[in-house]
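Report on the structure
Here's the letter readout for the chains.
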Number of protein chains: 2
Amino acid sequence: MYRPEIKVLDCTIRDGGLMNNWGFDKALVKDVFDGLVAAGVDYVELGYRADKKSFPPAESGIWRYCDEEDIRDVAYKTEKTKISIMCDVGRTDYDAFLPASDSIISMVRVATYAKDVDKAIHLGQHVQDLGYESTCNVMAVSHVLEPDLDEALEQLAGSKFQAVYLVDSFGYFYSEQIQYLADKYLAALKPAGIEVGIHAHNNLQLGFANTIEAIVKGINYLDGTIYGMGRAAGNCPTELLVDFLKNPKFDARPVFDLIQKYFADMKTELRWGYEIPYAITGLLNKHPRAALAFMKGAHGDSFREFYDKLQEAEE
Amino acid sequence: MYRPEIKVLDCTIRDGGLMNNWGFDKALVKDVFDGLVAAGVDYVELGYRADKKSFPPAESGIWRYCDEEDIRDVAYKTEKTKISIMCDVGRTDYDAFLPASDSIISMVRVATYAKDVDKAIHLGQHVQDLGYESTCNVMAVSHVLEPDLDEALEQLAGSKFQAVYLVDSFGYFYSEQIQYLADKYLAALKPAGIEVGIHAHNNLQLGFANTIEAIVKGINYLDGTIYGMGRAAGNCPTELLVDFLKNPKFDARPVFDLIQKYFADMKTELRWGYEIPYAITGLLNKHPRAALAFMKGAHGDSFREFYDKLQEAEE
């Protein structure tokens with residue numbers, strides 16, 4: 001039996017943009033939006049809203065900023081599929097948001113580290129006051145001390161976010177850890193009427209598996225990306241997720257079409273997915289930046305040397 | 001805390017051989033054996049022992065037959081790492097086995113379908129009488145009716161196999177199903193002193209995850225392959241498994257070396273791993289043969305047509 005409360009959010013353009021500097025052309029993003037609407041996905045995240053003063057537009061593709069007019073060129077309001085954007089605490093211009101009633105964006109997701117959760121709640125309040133749905137994505141939880149996480153969740157329980165995400169930024173967790181954290185998040189947030197979400201990375205080929213564990217535990221907001229496209233090893237694949245969920249509103253086939261038209265070749269070029277350097281940072285609970293540098297191939301390290309150096313870096 | 005009873009078996013040459021008709025050259029297999037010994041793997045499976053009358057040697061590489069002299073060219077007796085081969089019920093020449101005391105092979109794994117478990121026990125008895133360790137791998141369990149599986153397990157509980165494997169041939173199961181079946185296998189076999197093993201396929205990126213679930217449940221014999229090499233989507237990656245297990249006898253780095261030297265390029269050529277046709281047969285609980293044919297690209301089907309046709313094939 002499917003659970004109708006479950007919401008699937010596809011963040012291919014946003015998280016995948018980390019692999020191509022948000023350089024997707026509008027024809028592709030339009031096809032992605034149409035395909036994800038046909039797939040029955042609940043939210044499509046079309047990029048970040050980065051502060052143009054800190055991140056000059058000449059240096060990145062348009063989906064790093066998600067100007068209203070660019071989104072309107074590729075997407076449209078629908079009953080069943082809403083548009084979301086993400087903004088980072090400390091990298092967001094508060095004045096860059098229209099009132100929600102003037103925008104086709106429905107939801108703003110605020111990404112933060114646990115230590116900055118006060119700032120996240122402040123930014124959340126701002127977009128909530130403008131009329132947007134909003135969520136809070138607490139990143140890099142595998143590096144957070146438990147009392148700090150508990151305090152962050154307690155604060156978030158008093159916020160007006162509609163969902164708070166468990167984010168495995170480094171692709172380090174396996175099922176028992178997801179189960180433990182899911183219980184913790186649900187206990188802290190559900191009584192306050194706040195849903196819990198999961199954003200899994202795939203360094204250890206556990207992105208989909210961990211999302212399933214989260215579903216079993218009662219987490220209702222699920223992130224996926226087409227063909228798993230995302231930073232480094234990427235994410236839980238949307239096509240597997242929508243087929244696994246038995247809700248008849250979902251259809252994986254439009255996602256298969258998008259993979260065949262665009263993402264299969266793009267993966268060969270950009271190399272997200274299962275690659276040993278990404279697996280190594282996952283195994284060692286490290287940020288993938290070292291693995292991404294390794295993949296650029298500038299230096300001649302072996303996998304073994306990469307593994308050994310990363311372990312030494314701890315000391 | 002690690003569980004010392006856990007045994008890791010690497011079957012790269014055997015299962016991976018399904019992707020290259022067992023055409024690994026001896027220098028590679030020698031390096032693989034040396035590397036897996038250095039990694040601390042408990043068993044290295046070097047191929048099948050197929051009946052040469054049914055499968056003429058001119059048509060396949062030598063690791064489909066595993067002649068004693070070929071194995072001796074690449075491997076050796078060690079204290080900690082044993083050599084295994086696999087044989088299929090109905091495809092095995094009973095006369096093709098030396099007494100174990102004259103062979104460097106320690107273990108023979110008998111692969112069977114649930115319906116042929118009597119024949120598997122008979123073949124097992126034959127190799128046991130010759131002095132080999134032996135296991136039984138019951139394939140394609142996702143297509144077996146529960147009473148038939150229960151009966152097979154009851155029979156196997158009376159056998160002299162040292163382990164019986166839960167085999168997810170089509171890469172269809174997710175955690176809740178693995179948990180259910182692991183409980184069933186353990187309840188049937190552990191009281192008879194028989195260990196349970198897991199052989200997972202990776203069609204839905206769940207090979208490693210399902211192996212972890214099996215470990216959590218108490219399954220002690222674990223199959224992996226280097227870089228996940230195996231038929232279609234392949235298997236649980238040995239490198240992830242040995243790093244995940246905290247037993248200090250294991251070391252993933254020699255496996256990383258083998259991947260860098262051989263298997264990364266081989267994967268680009270042979271294309272096991274996460275590919276949409278393999279994912280589709282996994283989602284639909286089908287044998288991967290249709291997906292392997294699709295990957296050969298002879299016909300012009302789209303992923304969508306492939307998915308639709310496979311569903312129709314059910315009716």
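This structure is a prediction, so every number in the text was calculated from the model and none was measured.

**Concerning the overall build of chain A**
The helix and strand tally for chain A stands at 12 helices and 8 strands. Taken over C-alpha atoms, the radius of gyration comes to 18 Å for chain A, in line with the 20 Å a tight globule of 315 residues would show. Principal axes of the C-alpha set define a box for chain A whose edges measure 55 × 45 × 45 Å. By sequence separation, contacts in chain A at least 24 residues apart represent 76% of the contacts at least 6 residues apart. Working note: accessible area of chain A is about 12,000 Å², and carbon and sulfur atoms make up 50% of it. Taking the 33 positively charged and 48 negatively charged side chains of chain A as two groups, their mean positions are separated by 2 Å.

**Focus on the pattern of salt bridges**
Using the criterion set out here, one finds 52 salt bridges over all chains in the structure. Among the salt bridges present, the one from Lys115(A) reaches Asp116(A), with a minimum N-O distance of 3.1 Å. Taking relative accessible area as the criterion, Asp116(A) reaches 14% and is therefore assigned buried. In this structure, the salt-bridge partner of Glu45(B) is Arg109(B), at a minimum N-O distance of 2.6 Å.

**Examining the relation of the copies chain B and chain A**
Take chain B, turn it by 180°, move it 0.0 Å along the axis, and it overlays chain A with an RMSD of 0.0 Å. Such a turn and shift between the copies fits a two-fold axis. Looking at chain B, 100% of its interface residues are interface residues in chain A too, so the copies touch through the same face.

**Some words on the interface of chain B and chain A**
Between chain B and chain A, the contact holds 37 residues from the first and 37 residues from the second. Summing the contributions of chain B and of chain A, the shared interface buries around 3,500 Å²; its carbon and sulfur component is 60%. Taken together, chain B and chain A are joined by 4 salt bridges. Of the charged contacts, one joins Arg304(A) and Asp257(B) as a salt bridge, the two residues approaching to 2.7 Å between their closest N and O atoms. Here chain B is connected to chain A by 14 residue pairs in polar contact (both at pLDDT 80 or more).

**Some remarks on the domain arrangement of chain A**
Residue and element names in this part refer to chain A. Each assigned domain of chain A is listed here: domain 1 (7–270) and domain 2 (276–312). Each of domain 1 and domain 2 has a C-alpha centre, and these two points are 26 Å apart. Taken together, the contact between domain 1 and domain 2 spans 11 residues of the former and 10 residues of the latter. For the pair domain 1 and domain 2, the two sides together bury roughly 970 Å², of which 64% comes from carbon and sulfur. The largest per-residue losses of area from domain 1 upon contact with domain 2 belong to Phe170, Asn203 and Ala232, which jointly make up 43% of the total buried on that side. There are 0 salt bridges connecting domain 1 and domain 2. On the surface where domain 1 and domain 2 come into contact, there are 3 residue pairs in polar contact (both at pLDDT 80 or more). In terms of residue class, the side of domain 1 that touches domain 2 is made up of 6 nonpolar, 4 polar and 1 charged.

**Concerning the sheet that holds strand β2 (residues 43–48) of chain A**
All names here are of chain A. As summarised here, the arrangement of the 8 strands in space is β1-β2-β3-β4-β5-β6-β7-β8, forming a closed barrel in which the pairing is parallel. Along the sheet, successive strands turn relative to each other by an average axial angle of 25°, direction set aside. Strand direction decides the pairing type here: β2 and strand β3 (residues 82–88), joined by 4 bridges, are parallel. The residue bridging Tyr48 from the neighbouring strand is Met86, located in β3. Its contacts with the sheet put helix α1 (residues 12–20) on β1 (7–10), β2, β3, β4 (107–113), β7 (195–200) and β8 (221–224), and the angle it makes with β2 is roughly 35°.

**Regarding the nonpolar core**
Residues Phe263(A) and Phe263(B) are the most contacted members of the largest nonpolar core, which totals 227 residues. Beyond its immediate sequence surroundings of up to four residues, Phe263(B) is in contact with Thr12(B), Leu28(B), Val32(B), Ile226(B), Tyr227(B), Met229(B), Leu258(B) and Trp272(B).

**Here's the deal with the side chain of Thr135(A)**
Residues and elements named next belong to chain A. You can see Thr135 is positioned in strand β5 (residues 133–139). For Thr135, a relative accessible area of 0% translates into the label buried. Here Thr135 is in contact with Met107, Val108, Arg109, Val110, Phe161, Gln162, Ala163 and Tyr165, once residues within four sequence places are set aside.

**Topic: the pairing of strand β5 (residues 133–139) of chain B**
Within a regular strand, the side chains alternate between the two sheet faces. Residues and elements named next belong to chain B. Where burial is concerned, most of β5 is hidden: 7 out of the 7 residues are buried. Burial of β5 is two-sided: the residues Glu133, Thr135, Asn137 and Met139 facing one way and the residues Ser134, Cys136 and Val138 facing the other way are all buried. With 7 bridges joining them, strand β4 (residues 107–113) and β5 adopt parallel strand pairing. Within β5, the residue paired with Met107 across the bridge is Glu133. Regarding topology, helix α4 (residues 117–129) serves as the crossover connection from β4 to the parallel β5, and that connection is right-handed. Here β5 pairs with strand β6 (residues 163–168) via 4 bridges, running parallel. By the bridge assignment, Val138 is partnered in β6 with Leu166. One crossover worth recording links β5 to the parallel β6 by way of helix α5 (residues 146–157), and it is right-handed.

**Side note on the confidence of the model for chain A**
With 99% of its residues at a pLDDT of at least 70, chain A reaches an overall mean of 96. For this predicted complex, the interface score ipTM comes out at 0.96, alongside a pTM of 0.97.

The rules we used
- Residues numbered from 1 in each chain as written.
- Chains lettered and ligands numbered in written order.
- Predicted model: local features only at pLDDT ≥ 70, side-chain atom pairs only at ≥ 80, totals over all residues.
- Heavy atoms only, no water.
- Helix = DSSP H or I, 4+ residues; strand = E, 2+ residues; numbered from the N terminus.
- Rg over C-alpha atoms; globule rule 2.2 N^0.38 Å.
- Contact = heavy atoms within 4.5 Å.
- Areas by Shrake-Rupley, 256 points an atom, 1.4 Å probe, with all protein chains shown as cover.
- Lys, Arg positive; Asp, Glu negative; His and termini not counted.
- Charge placed at Lys NZ, Arg CZ, Asp CG, Glu CD.
- Salt bridge = Lys/Arg side-chain N within 4 Å of Asp/Glu carboxyl O.
- Buried < 20%, exposed > 50% of the residue type's maximum accessible area, 1.4 Å probe, protein only.
- Least-squares fit on C-alpha atoms with pLDDT ≥ 70 in both.
- Buried area = accessible area lost by both parts, 1.4 Å probe.
- Polar contact = N/O pair within 3.5 Å; in protein donor to acceptor, adjacent residues only side chain to side chain.
- Domains from an automatic or database assignment.
- Nonpolar A, V, L, I, M, F, W, Y, C, P; charged D, E, K, R; others polar.
- Pairing = 2+ DSSP bridges.
- Axes fitted to C-alpha atoms, helices over the stretch in contact; angles between N-to-C directions.
- Core = buried A, V, L, I, M, F, W, Y, C linked by side-chain atoms within 4.5 Å.
- Right-handed = clockwise from strand over helix to strand, strands pointing away.
- pLDDT = per-residue confidence, 0-100.

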